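# An overview of the molecular structure
Residue strings, one per chain:
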Amino acid sequence: AQRVTQPEKLLSVFKGAPVELKCNYSYSGSPELFWYVQYSRQRLQLLLRHISRESIKGFTADLNKGETSFHLKKPFAQEEDSAMYYCALRDPLMIKAAGNKLTFGGGTRVLVKP
Amino acid sequence: NAGVTQTPKFQVLKTGQSMTLQCAQDMNHNSMYWYRQDPGMGLRLIYYSASEGTTDKGEVPNGYNVSRLNKREFSLRLESAAPSQTSVYFCASILAAGDGTDTQYFGPGTRLTVL
């Protein structure tokens, strides 16, 4: 069964410092991976997905199939980055059969201090 | 475009009471989902509806039922609430075009407390 692990429940960094949120997955194949963010009192929203290979709000994430990881990085954290971050996986082979289901990690709360 | 809406925003129940959480989307999406969010456990899928007229169990379906009333609406029912069902519930939807390019959109959540 597929699984997503986010080992850090809380990351606290100072403004301007780099931040890296770890995400490891177990899946036999080539998964689709996503990072979702939930700001305080707001709904969950997509931050980025690995197939886009883009940088959103200064964040990037690289899929490392050898290490089965999809870590999220930002070189200079800002206070507005304080939020809950979730890594999620979708099985591309089951998009039609399984209704686009996502498997989420446990989440990492990021706190950026001034 | 309201996106995905959920009612109510907050609810307190006593053990054994029943209630229905409502979800609606106005994006003409085909698939809809119910998740629960618990600290340290992320979001876990309760039930989903891949298309109008179909529903399937997710990871944690026990104690819940769902109804895909029409393409827009997907409700979640707790028949006999238990304290273990205290959680934040999120509804989500996706177009599900079949090519994998789309993503899930989430509602604002319902915070449920069962005493």
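Residues numbered from 1 in each chain as written. Chains lettered and ligands numbered in written order. Predicted model: local features only at pLDDT ≥ 70, side-chain atom pairs only at ≥ 80, totals over all residues. Heavy atoms only, no water.

## With respect to the state of the cysteines
All names here are of chain A.
- Tallying each qualifying case throughout the model produces two disulfides over all chains.
- The partner cysteine of Cys 23 in its disulfide is Cys 87, sulfur to sulfur 2.0 Å. The S-S bond linking Cys 23 to Cys 87 shows a torsion near -65°; that makes this disulfide left-handed. Here the residue Cys 23 occupies a position in the loop between strand 3 (19–21) and strand 4 (24–26), and Cys 87 occupies one in strand 9 (residues 83–90), the gap between them amounting to 64 residues.
- We classify Cys 87 as buried; its relative accessible area is 0%. (Disulfide = S-S within 2.5 Å. Helix = DSSP H or I, 4+ residues; strand = E, 2+ residues; numbered from the N terminus. Buried < 20%, exposed > 50% of the residue type's maximum accessible area, 1.4 Å probe, protein only.)

## Notes on the packing of aromatic side chains
Residues and elements named next belong to chain B.
- Counted by the stated rule, this structure contains eleven aromatic pairs over all chains.
- Aromatic side chains Tyr 35 and Phe 106 sit 5.7 Å apart centroid to centroid with 35° between the ring planes, which places their arrangement in the tilted category. Taken together, the residues Tyr 35 in strand 4 (residues 31–38) and Phe 106 in strand 10 (residues 105–106) connect sequence positions 71 residues apart. Considered together, Tyr 35 and Phe 106 belong to a single accessibility category, that of buried residues.
- Here the aromatic rings of Tyr 64 and Tyr 89 are separated by 5.9 Å at their centres, their planes lie at 65°, and the arrangement is edge-to-face. (Phe/Tyr/Trp six-rings, centres within 6.5 Å; stacked < 30°, edge-to-face > 60°.)

## Thoughts on the interface of chain B and chain A
- The interface is formed by 25 residues belonging to chain B together with 22 residues belonging to chain A.
- Here chain B and chain A share an interface that buries about 1,800 Å² over both sides, 54% of which is from carbon and sulfur atoms.
- Our count for the contact surface shared by chain B and chain A stands at zero salt bridges.
- There are five residue pairs in polar contact (both at pLDDT 80 or more) connecting chain B and chain A.
- Those elements giving two or more residues to the side of chain B that touches chain A turn out to be strand 4, strand 5 (42–49) and strand 9 (87–94) of chain B.
- Its residues assigned to classes, the side of chain B that touches chain A comprises 14 nonpolar, ten polar and one charged. (Contact = heavy atoms within 4.5 Å. Buried area = accessible area lost by both parts, 1.4 Å probe. Salt bridge = Lys/Arg side-chain N within 4 Å of Asp/Glu carboxyl O. Polar contact = N/O pair within 3.5 Å; in protein donor to acceptor, adjacent residues only side chain to side chain. Nonpolar A, V, L, I, M, F, W, Y, C, P; charged D, E, K, R; others polar.)

## Observations concerning the pattern of salt bridges
- If you walk through the whole model with that rule in mind, you get eight salt bridges over all chains.
- Between Lys74(A) and Asp81(A) there is a salt bridge, with its nearest N and O atoms 2.8 Å apart. Summarising the burial analysis for this pair, Lys74(A) and Asp81(A) share the class buried.
- The partner of Arg44(B) in a salt bridge is Asp38(B), with the nearest N and O atoms 2.9 Å apart. Each member of the pair, Arg44(B) as well as Asp38(B), is classed as buried.
- Among the charged side chains, a network of salt bridges with common partners joins Glu20(A), Lys22(A) and Lys73(A).

## Quick notes on the sheet that holds strand 3 (residues 19–25) of chain B
Residues and elements named next belong to chain B.
- One open sheet holds the four strands; their spatial order is 1-3-8-7, and the pairing between them is antiparallel. On the outer flanks of this sheet lie strand 1 (4–7) and strand 7 (64–68), each paired with one strand and no other. Each strand of the sheet is rotated relative to its neighbour by a mean of 20°, with strand direction disregarded.
- With five bridges joining them, strand 7 and strand 8 (residues 74–78) adopt antiparallel strand pairing. Residue pairing across strands places Arg 68 opposite Phe 74, the latter belonging to strand 8. (Pairing = 2+ DSSP bridges. Axes fitted to C-alpha atoms, helices over the stretch in contact; angles between N-to-C directions.)

## Focus on the pairing of strand 7 (residues 60–64) of chain A
All names here are of chain A.
- Taken together, the five bridges between strand 7 and strand 8 (residues 69–74) define a ladder with antiparallel strand orientation. Each bridged residue has a counterpart across the sheet, and for Asn 64 the counterpart in strand 8 is Ser 69.
- The loop that links strand 7 with its antiparallel partner strand 8 comprises four residues; one of these, Thr 68, has a positive phi angle of about 45°.

Geometric descriptors of this kind do not, in isolation, establish any biological role.
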